[in-house]
Amino acid sequence: MTQSQTRTVGSVDEVIERMQAIKAQLDPRDGVACFNRMYLRVTELVGQNLVAGFFEDQAFIERMDVIFAGLYFDAVDAAAKRPAAAGNWAAPLLGAAQAVNGHSQTHEAWQPLFDARNNRTIWPIQFAFAGMNAHINHDLALAVIDTCTERGTTPDTAPVYADYLRVNELLAKVEAEIRASFEAELIKVTTKDAETLKHILGAFSIARARDSAWATAQSLWHQRSLRPSYDATLATVATATATIGRALLVPVLPPVEQPDGHN
């Protein structure tokens, strides 16, 4: 019951290849590029741990990872087809975008990130967390439901939830890396605004977002045969996710620039 059933990738390796292609095409300061770098790091860790036998149901996690990534790629493709997004980077990224009445649309949950992507007064970590917010708080529940449906299981059937929590361990590692890098750069800024930025980012937690996404998945799972109720719940989730995204992307002070454009 996701809003787009088109998938352009079929394995974690293909997901990584697509993310690498996005990385190669975008200015590293682009807001989507900032999120893509973080997501690529997470996906690489998932891939490594699939090989290492970290998960109880490796096939389920790999399939969910592919479905989950497909929702991000849908958002990228939809944004690339918007007239305002046209540019040299767009054409190589085009795939299957969500279409409504013949027009590509960026989903409401993703809109804050794509709208702010060229604002150079927003820090890369703000973009990264805004992307994580959209992808986890909105898309993850859909990926859980699609994967369970496809594989004939349920969110409450072992080891679905246990493996879901194991992904949290990998995300915690990447989140810690990103926050440590941010703190190192923020030390160079001595203004009062630095504390404001720390407060904004401190309010977001990937672990809490995933807890919320799991609750959403369970709720939607039981509503999946009740379309009006399902759609109303998902619409509420999308609106709340967009509100969080806008809060994360409040411009506070320009980031400290590095020579390669990465912050």
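Going by the structure above, here's the rest.
Residues numbered from 1 in each chain as written. Predicted model: local features only at pLDDT ≥ 70, side-chain atom pairs only at ≥ 80, totals over all residues. Heavy atoms only, no water.

(A) A look at the nonpolar core. Membership of the largest hydrophobic core comes to 80 residues, with the highest contact counts inside it found for Y72 and M132. Ranked by residue count, the leading element in this core is helix α5 (residues 124–151), at 15 residues. (Core = buried A, V, L, I, M, F, W, Y, C linked by side-chain atoms within 4.5 Å. Buried < 20%, exposed > 50% of the residue type's maximum accessible area, 1.4 Å probe, protein only. Helix = DSSP H or I, 4+ residues; strand = E, 2+ residues; numbered from the N terminus.)

(B) Main features of the packing of α5 against helix α6 (residues 160–186). Their axes nearest at 13 Å, the elements α5 and α6 cross at an angle of 170°. It follows that α5 is roughly antiparallel to α6 by the angle criterion. Side by side, α5 and α6 meet where I125, F129, M132, L140, V144 and C148 of the first sit next to V160, Y164, L171, E175, I178, R179 and F182 of the second. (Axes fitted to C-alpha atoms, helices over the stretch in contact; angles between N-to-C directions. Parallel < 35°, antiparallel > 145°, perpendicular 65-115°, else oblique. Contact = heavy atoms within 4.5 Å.)

(C) Fine view of unusual backbone geometry. In the segment running from A158 into P159, the intervening peptide bond is cis, with an omega of 0°. By the secondary structure assignment, P159 is in the loop between α5 and α6.

(D) Fine view of helix α3 (residues 58–80). Taking 1.5 Å of rise per residue, 23 residues should cover 33 Å, and α3 covers 33 Å from first to last C-alpha, within 8% of that figure. Extensive coverage of α3 is indicated by the burial of 19 of its 23 residues. (Expected span 1.5 Å × (residues − 1).)

(E) Structural detail: the environment of A75. Here A75 is to be found in helix α3. Exposure remark for A75: the relative accessible area of 5% places this residue in the buried category. In this structure the C-alpha to C-alpha distance between A75 and F114, which are 39 residues apart in sequence, comes to 9.0 Å.

(F) Just the pattern of salt bridges, in detail. Applying the stated criterion to the full structure yields eleven salt bridges. A salt bridge links K198 to E195; the nearest nitrogen and oxygen atoms lie 4.0 Å apart. Of the two residues, K198 and E195 are both situated in helix α7 (residues 192–202); the distance of three residues between them amounts to about one turn of the helix. Its relative accessible area of 32% is what places K198 among the partly exposed residues. Residues participating in the shared-partner salt-bridge network are E56, D163 and R166. (Salt bridge = Lys/Arg side-chain N within 4 Å of Asp/Glu carboxyl O.)

(G) Here's a closer look at the environment of T241. Relative to the helices and strands, T241 resides in helix α9 (residues 227–248). Spatially, the C-alpha atoms of T241 and H138 are 6.6 Å apart, while their sequence positions differ by 103 residues. Discounting residues that sit within four places of it in the chain, T241 has contacts with A109, N133, A134, N137 and H138.

(H) Quick look at empty space enclosed by the protein. What the rule picks out here adds up to three cavities of 30 Å³ or more. If you trace the largest cavity, you find 14 residues lining it, with D65, F68, L140, V167 and R210 closest to the centre. Secondary structure elements with two or more residues in the lining of the largest cavity: α2 (31–51), α3, α5 and α6. Of the residues in the lining of the largest cavity, the class split is eleven nonpolar, one polar and two charged. (1 Å grid on protein atoms, 1.4 Å probe; cavity = no way out; pocket = protein on both sides within 12 Å on 5 of 7 lines; lining within 4 Å. Points joined across faces, edges and corners; volume = space filled by probe spheres on them. Nonpolar A, V, L, I, M, F, W, Y, C, P; charged D, E, K, R; others polar.)

(I) Inspection of the packing of aromatic side chains at higher detail. Taken as a whole and judged by the stated rule, the model has 14 aromatic pairs. The interplanar angle of 85° and the centroid separation of 5.5 Å between the aromatic rings of W123 and F182 together place this pair among those described as edge-to-face. Within this pair, whereas W123 is found in the loop between α4 (111–116) and α5, its partner F182 is found in helix α6, the two being separated by 59 residues in sequence. Pair check on accessibility: W123 and F182 agree, each one buried. Aromatic rings pair up to connect F35, Y39, F68, Y72, F73, W110 and F114 into one cluster. The ring of Y164 has R210 sitting right over it, with the charged end atom 4.1 Å from the ring centre. Against the face of W221 rests R224, its NZ or CZ located 3.6 Å from the ring centre. (Phe/Tyr/Trp six-rings, centres within 6.5 Å; stacked < 30°, edge-to-face > 60°. Lys NZ or Arg CZ within 6 Å of the ring centre and 35° of its normal.)

(J) Region of interest: α6. In a regular helix each residue adds 1.5 Å, so 27 residues correspond to 39 Å; α6 covers 39 Å between its end C-alpha atoms and thus fits that length. Buried within α6 we find V160, D163, Y164, V167, N168, L170, L171, V174, E175, F182, E185 and L186. In this fold, the buried residues of α6 make contact with α2, α3, α5, α7 and α8 (206–223).

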